[in-house]
Amino acid sequence: MASATPTGFRALPLPLAQLSLAAVLKCGQSFRWNIFPLFPPEQSAADSGTPTHEYRLCLRDRVVCLRQSSNTLFYRSVFPPNASEDTETGEAQTLAWLRDYFQLDVDLRELYSKWSAMDPVFCRLQDRFEGIRMLRQDPFENLISFICSSNNNISRITKMVKSLCRQYSPALVSLPPPCGSASEEEAYHPFPPPSALAAPEVSAQLRALGFGYRADFIQRTAAMLVEAHGVTRNPTTLMEPSEEWLAMLRTMTTAEARAELLKFVGVGRKVADCILLMSLDKREVIPVDTHVHQIAVKHYGLRAASKAANMNPKLYEEVSSKLSSIWGEYAGWAHSVLFTSDLKSFASYGLPSAPATPSLTPDRASTSKESTPLATPVDETPPSSTKRKRSLSSRKSTARLKPMVEVADALTDGLLEEPRYSLAERVKRRRRGATSIDD
């Protein structure tokens, strides 16, 4: 049965199997979506056909608001008071943007079917973790966001990116929360252009905002773009020349586009691969880190490296080649499903409303053949580290490390429990300002 369209919204028929906002907008691909519950915690939706959350994103000229039921995506646009677009034209543009941003021309059900036929591991989880697809983001926003991600977690990256927008981009509109939300009215800021971040004083300002060594990387990268391409904005696209140049990398081969990205300050192989996958149409690219390697070892028979071994170019290529050989042309998309399902924060994703049991494994498939329950957006706070039993001697010699995961590919490990660097190593890296193969 078709869902009732909320007042002011338009409806796009789209089942959860093709897109789950609750997963895609919370798994570390994009960091600017605002998410509002439509019901208080003690109250739930009447049925799976009723949206439970509203999702908002500020573009260059409008705020896009989304809601989702089990079979429909609802959308509306909010323009600033001085906007010249009429309603019909504006909503038609928003619909075109939605189709491009979520890459709705790609049949996700067909991809799931192909991956399941090739991969028994994927087959076991496909029903439960449906609707997870790659976004096609603005390349400049994607580049800066993942420079912020170095040695970071999703919650802090989100705060950094929103702080960046508030500091360097004027508010477009201010909106009250949707009905049922207790939040106050909020100002919505577009992502700033390269010219706003290129001035020399930006580095010190960002450090004062808590960006640490990433402040220099952001300012220097923006300055490189402005110096090479200029700042005169295209009146039609509202993009600066360097933003258009970054979008043009989509037409290059994967190797060529990667080589261009690696020229920027703060961009290593993994950050470059995240950008290739999430904004430059390189759907076969798999960003690799130690966690991705561990899962490749666990599920796909890859050899285990020594505990002391760090991710290196040879191991990176070995993991990437192995997984690409299994999943094929859309390997990057497939890996996003598998590793999102492995995160503890997604333990209840795709399950009925009853609390998940601790014994539930990530690759256990849903057994229900009835309509899929509408998933709830996962918490962006990293879970606590898993406790391990240690002998008395190891307790004396080994200190428990605080989880500080690098989320340069937040898609795969932004919410992991395992520590990536010790405190001493993180301090050394900040002092050096250098990036490694894992960046």
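Located above this text is the structure these notes cover.
As the structure is a computational prediction, the values presented were derived from the model and not from experiment. Position numbers for residues start from 1 in each chain and track the written sequence from start to end. Note on the predicted model: pLDDT of at least 70 is required for a residue's local features to be given, and 80 or more for side-chain atom pairs to be given and counted; whole-chain, interface and lining totals, by contrast, use all residues. Calculated side-chain values reflect all of the structure's heavy atoms, with hydrogen atoms and water omitted.

Novice: Which residues make up the overall build of the protein, and what values go with them?
Specialist: Only DSSP runs of H or I covering at least 4 residues are called helices, and only runs of E covering at least 2 are called strands; the numbering of each starts at the N terminus. Broken down by element type, the protein carries 18 helices and seven strands. Relative to its 439 residues, the protein shows a buried fraction of 53%. Should any heavy atoms of two residues lie within 4.5 Å, those residues are considered in contact. In the protein, the proportion of contacts linking residues at least 24 apart, taken out of those at least 6 apart, comes to 68%. Here the accessible surface of atoms and residues is derived via Shrake-Rupley with a 1.4 Å probe, and residues count as covered only by protein chains that are part of the display. Carbon and sulfur atoms make up 53% of the accessible area of the protein, which totals about 19,700 Å². Burial classes: relative accessible area under 20% of the type maximum marks a residue as buried, over 50% as exposed, and values in between as partly exposed (1.4 Å probe, protein chains only).

Novice: So, the environment of Pro-200: which residues are in play, and what are the values?
Specialist: If you trace the backbone, Pro-200 turns up in the loop between helix H7 (194-197) and helix H8 (201-208). What makes Pro-200 exposed here is its relative accessible area of 66%. Each C-alpha atom, one on Pro-200 and one on Gln-219, is 7.1 Å from the other, the two residues being 19 residues apart in sequence.

Novice: So what's going on with helix H11 (residues 254-261)? Which residues, and what values?
Specialist: Every buried residue belonging to H11 is among Thr-254, Ala-257, Arg-258 and Leu-261, and all of these are buried. Each buried residue of H11 lies within a common arc of 100° when the element is viewed along its axis, so the set occupies one face. Of the surrounding secondary structure, the elements contacted by the buried residues of H11 are helix H12 (269-279). The arc in question is the one spanned by the directions pointing from the helix axis to the C-beta atoms.

Novice: If you had to explain the nonpolar core to someone new, which residues and values would you point to?
Specialist: We call a set of buried Ala, Val, Leu, Ile, Met, Phe, Trp, Tyr and Cys residues a nonpolar core when their side-chain atoms join them within 4.5 Å. Membership of the largest hydrophobic core comes to 83 residues, with the highest contact counts inside it found for Trp-115, Leu-261, Leu-323, Trp-327 and Trp-333. Ranked by size, the runner-up nonpolar core spans 20 residues in total, among them Leu-21, Tyr-55, Leu-57 and Leu-66.

Novice: Quick rundown of the packing of helix H13 (residues 290-300) against helix H14 (residues 313-327)? Include the residues and the values.
Specialist: For the pair H13 and H14, interaxial distance at closest approach is 10 Å and the crossing angle is 50°. Taken together, H13 and H14 sit at an angle that is classed as oblique. Handedness of the crossing formed by H13 with H14: left-handed. Counted together, Val-292, His-293, Ala-296 and Tyr-300 of H13 and Leu-315, Val-319, Lys-322, Leu-323, Ile-326 and Trp-327 of H14 form the full contact between these two elements. By residue class, the composition of the contact of H13 with H14 is eight nonpolar, one polar and one charged. Between N-to-C directions, angles cover 0 to 180 degrees, with each direction set by a line fitted to C-alpha atoms, over the stretch in contact for helices. Throughout this description, any angle smaller than 35 degrees is read as roughly parallel, any larger than 145 degrees as roughly antiparallel, any in the 65 to 115 degree range as roughly perpendicular, and the remainder as oblique. By definition, turning the near helix anticlockwise from the far helix through less than a right angle yields a left-handed crossing, and turning it clockwise yields a right-handed one. Following the grouping adopted for this structure description, the nonpolar residues are Ala, Val, Leu, Ile, Met, Phe, Trp, Tyr, Cys and Pro, the charged ones are Asp, Glu, Lys and Arg, and the polar ones are all others, Gly among them.

Novice: Any chance you could break down the packing of aromatic side chains for me, citing the residues and the numbers?
Specialist: Any two rings among Phe, Tyr and Trp, with Trp reduced to its six-membered ring, count as a pair given centres within 6.5 Å; such a pair is stacked if its planes are under 30 degrees apart, edge-to-face if over 60, and tilted if neither. Applying the stated criterion across every chain, the model contains 14 aromatic pairs. Ring geometry for Trp-97 against Tyr-101: centres 4.5 Å apart, planes inclined by 20°, an arrangement best described as stacked. One end of the pair is Trp-97 and the other is Tyr-101, both in helix H2 (residues 87-101) and four residues apart, which spans about a single turn. Judged by relative accessible area, which is 5%, Tyr-101 ranks as buried. Considering the side-chain rings of Phe-129 and Tyr-349, the 5.7 Å spacing of their centres and the 15° angle between planes classify their relative orientation as stacked. In this pair, Phe-129 sits in the loop between helix H4 (120-125) and helix H5 (139-148) while Tyr-349 sits in the loop between helix H15 (331-341) and helix H16 (392-397), placing the two residues 220 residues apart along the sequence. There is no split in this pair, since Phe-129 and Tyr-349 are both buried. One aromatic cluster is present, formed by Trp-33, Trp-97, Tyr-101 and Phe-102 through successive ring pairs.

Novice: Can you tell me about the packing of H5 against helix H10 (residues 241-248), naming the residues and giving the values?
Specialist: Interaxial distance between H5 and H10 falls to 8 Å at its minimum, and their mutual angle equals 90°. Taken together, the axes of H5 and H10 are roughly perpendicular relative to one another. Between H5 and H10, the contacting residues are Pro-139, Phe-140 and Leu-143 on the first element and Glu-243, Leu-246 and Ala-247 on the second. Taken together, the residues that form the contact of H5 with H10 break down as five nonpolar, no polar and one charged.

Novice: Break down the pattern of salt bridges for me, with residues and values.
Specialist: Between Lys or Arg on one side and Asp or Glu on the other, a salt bridge is scored when a side-chain nitrogen of the former is within 4 Å of a carboxyl oxygen of the latter. For the coordinates displayed, the defined rule picks out 18 salt bridges. For Arg-136, the salt bridge identified is with Asp-100, shortest N-O distance 2.7 Å. Note that Arg-136 is positioned in the loop between H4 and H5 and Asp-100 in helix H2, a separation of 36 residues in sequence. We classify Asp-100 as partly exposed; its relative accessible area is 35%. Among the charged side chains, a network of salt bridges with common partners joins Arg-258, Arg-269, Asp-273 and Glu-317.

Novice: Please provide a residue-by-residue account of the sheet that holds strand S5 (residues 72-78), values included.
Specialist: Spatial strand order, S1-S5-S4-S3-S2: five strands in an open sheet with antiparallel pairing. Single-partner strands in this sheet number two, and they are strand S1 (10-13) and strand S2 (34-37). Shown here is a sheet whose adjacent strand axes are inclined to one another by a mean of 25°, direction ignored. When DSSP finds two or more bridges between a pair of strands, those strands are recorded as paired. Of the pairings in the sheet, the one linking S2 to strand S3 (residues 53-58) comprises four bridges and is antiparallel in character. By the bridge assignment, Pro-37 is partnered in S3 with His-53. Those strands touched by H2 are S1, S3, strand S4 (63-68) and S5, and its axis lies near 130° from that of S5.

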